[in-house]
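Residue strings, one per chain:
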Protein chains: 2
Amino acid sequence: MFTRRLVIAVLLAVGAGGSALAQSDPLPSWNDGPVKKSITDFVARVTAQDGVDFVPPAERTATFDNDGTLWCEQPVYFQAAFALDRVKALAPQHPEWKTRQPFKALLENDMAALSASGEKGLLEIVAAAHAGITTDEFRKVVTGWFANARHPRFRRPYDQLVYLPMLELLGYLRANGFKTFIVSGGGVEFMRVFAESAYGIPPEQVVGSSGAVRFQMGANGKPELLKLPKIEFIDDGLGKPAGISRFIGRRPIFAFGNSDGDLQMLQWTVAGPGPRFAGIIHHTDAGREYAYDRQSKVGKLDKALDAATASKWTIVDMKRDWKIIFPTEK
Amino acid sequence: MFTRRLVIAVLLAVGAGGSALAQSDPLPSWNDGPVKKSITDFVARVTAQDGVDFVPPAERTATFDNDGTLWCEQPVYFQAAFALDRVKALAPQHPEWKTRQPFKALLENDMAALSASGEKGLLEIVAAAHAGITTDEFRKVVTGWFANARHPRFRRPYDQLVYLPMLELLGYLRANGFKTFIVSGGGVEFMRVFAESAYGIPPEQVVGSSGAVRFQMGANGKPELLKLPKIEFIDDGLGKPAGISRFIGRRPIFAFGNSDGDLQMLQWTVAGPGPRFAGIIHHTDAGREYAYDRQSKVGKLDKALDAATASKWTIVDMKRDWKIIFPTEK
């Protein structure tokens, strides 16, 4: 993928900044100010060998929401865009969808009827887009989608719409001994297709929602995992601390999110002993990206914004704090 | 824990063997022969930079069953011993258990009645032993149990009954760029208490069965995760490839097990492209440890032994292939 080379370049730059050239800026796409300082101060505190707040490397766990925190999530979650495209691509094999809701509405671009199908309708579309194939086949389908699909506004592949300041932050944390994880409501198998190339985060450090799979012997006599139309775990809201407990088994000391779905992860993070960091991305830049918070259908930020303000968590004002948003602007 | 120092010593020795002193034996507790050679040959093949079988470090995923593969599992799974002890310790707070099965049978050591309560009874005991407390409290309870409980035959703390040859193997693989995971039917939170000190495997690389947890605000106003009496995922048999898919997201190239519960994990491992290693521990040493296979109630090895023989997987004959079994023999 395009971003792989870019990320490597960024990480090399960050790596150099974090070690050989201590004076150089490890977060060059962040504007100077209290937000940037809150990050670098925290990292300095927990890594100062002789300081009272020193945290051993094994405990330096950092968790990041994905949609709206590491990459763009507007006008719809990118995985929803994938699901819609996938159902359209599968439609020729499903003539019955022409007369069956919610598929009929989707294929006719009838957004009113699609909305009317509600959560149940949405789950049917997600199931149709994600189930009925093996895990290996699914990976190929998603890879193909990333190669061909384009974002409606930015006209670029979706996996280029990652936030450069957050790529720098991930690299900066890793250069300082942190292990970085994604903890997202997105599907774990969907995210793993791009997380390593886009963020340098390996599959086993991606926590997400998951569907059930069935182990079976395939037609070629080889075992395979068939994806079933059954949601098994929703890694969002209250589910995020549960997902962290199940997958990571260690409470993060550093976490970043951008919506109410991240509130419990941030609460869980700061409730542990010792130094803790909680951060919120506030989307305030309609010109370069999007501006939304309390009223948004996608990535609603309301209760978590109040909690962040009351608890003095770091709130990133995208317009004020980010010099550059997307790597392609460089 | 006792084993921490021991493991560090072993790993240092192994680390030295793998790098500075290439001639020294990285697996000194393994007797020379085809079994040991099958391991070292495989590692040499996948790490030879210019070889046709070279596997990049990111793909060097190794998964290990725990009970009977990394530590002893007789006369009962150690976690079952924990559950029984825990229920007995909780009995004073539950006077109703004196007259209620399966608790009555357990408290009276009435094994016939306990067996008669069947799987349902066992699940009730497991739920009583594992649920109703927070994840933080559970960790303390398990830590305390390891400090005080003793194995009925070896009269030693359970976490000393790890297999030295397998500790060497874990260290040898890691020294060769592998990432080592546990994939076990055991409870993930139970295993994480000792996996890092006993095996050098961090919490996020432990895959296991799990119970549901509930995020809630505790009495002190801080969030907590309450363990519920509800099993969420059984990481055994068909569940192991599913667990690997969900937690790790990458197919192992190297896997070790010892029972029929590991068969699908081994099949899944060898079905991928390129070089693959599947190993089985056959418990053949009643003198130093235990001898059991097809008829055993704990760690039954029947179908997986046939599959291993038919497919020419590596079968470790514990009596023949292991010079030393437990670290305390050194």
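Residues numbered from 1 in each chain as written. Chains lettered and ligands numbered in written order. Predicted model: local features only at pLDDT ≥ 70, side-chain atom pairs only at ≥ 80, totals over all residues.

All names here are of chain B. The N-to-C vectors of helix H3 (residues 78-90) and helix H6 (residues 118-130) enclose an angle of 65°; their axes lie 8 Å apart at closest approach. In terms of their interaxial angle, H3 and H6 are classed as roughly perpendicular. In this structure, the crossing between H3 and H6 has a hand that is left-handed. Between H3 and H6, the contacting residues are Phe82, Ala83, Arg86, Val87 and Leu90 on the first element and Ile125, Val126, Ala128 and Ala129 on the second. Residue composition of the contact of H3 with H6, grouped by class: eight nonpolar, no polar and one charged. (Axes fitted to C-alpha atoms, helices over the stretch in contact; angles between N-to-C directions. Helix = DSSP H or I, 4+ residues; strand = E, 2+ residues; numbered from the N terminus. Parallel < 35°, antiparallel > 145°, perpendicular 65-115°, else oblique. Left-handed = near helix turned anticlockwise from the far one by under 90°. Contact = placed C-beta atoms within 7 Å. Nonpolar A, V, L, I, M, F, W, Y, C, P; charged D, E, K, R; others polar.)

This part takes up the domain arrangement of chain A. Residues and elements named next belong to chain A. Once the domains are mapped, chain A shows domain 1 (2-75 + 155-329) and domain 2 (78-133). Listed as interface residues are eight residues of domain 1 and, on the opposing side, eight residues of domain 2. If you list the elements that add at least two residues to the side of domain 1 that touches domain 2, you get strand S2 (179-187) and strand S4 (223-233). Ranked by residue count, the leading element in the side of domain 1 that touches domain 2 is S4, at three residues. (Domains from an automatic or database assignment.)

Right, let's talk about the relation of the copies chain A and chain B for a bit. Of the transformation superimposing chain A on chain B, the axial component is 0.0 Å and the angular component is 180°, with the fit at an RMSD of 0.0 Å. The operation mapping one copy onto its partner corresponds to a two-fold rotation axis. Rotation axis and chain A: the residue whose C-alpha lies nearest the axis is Phe247(A), separated from it by 3.2 Å. Most of the interface of chain A is mirrored in chain B: 100% of its interface residues are interface residues there too. (Least-squares fit on C-alpha atoms with pLDDT ≥ 70 in both.)

Next up on the list: the sheet that holds strand S6 (residues 277-282) of chain A. All names here are of chain A. Read across the open sheet, the seven strands follow the order S4-S3-S2-S1-S5-S6-S7; overall the sheet is mixed. Only two strands of the sheet have a single neighbouring strand rather than two, namely S4 and strand S7 (314-317). Between one strand axis and the next, the sheet turns by 30° as a mean value, whatever way the strands run. Pairing geometry for strand S3 (residues 206-217) and S4, over seven bridges, is antiparallel. Paired with Met217 across the bridge in S4 is Pro223. (Pairing = 2+ DSSP bridges.)

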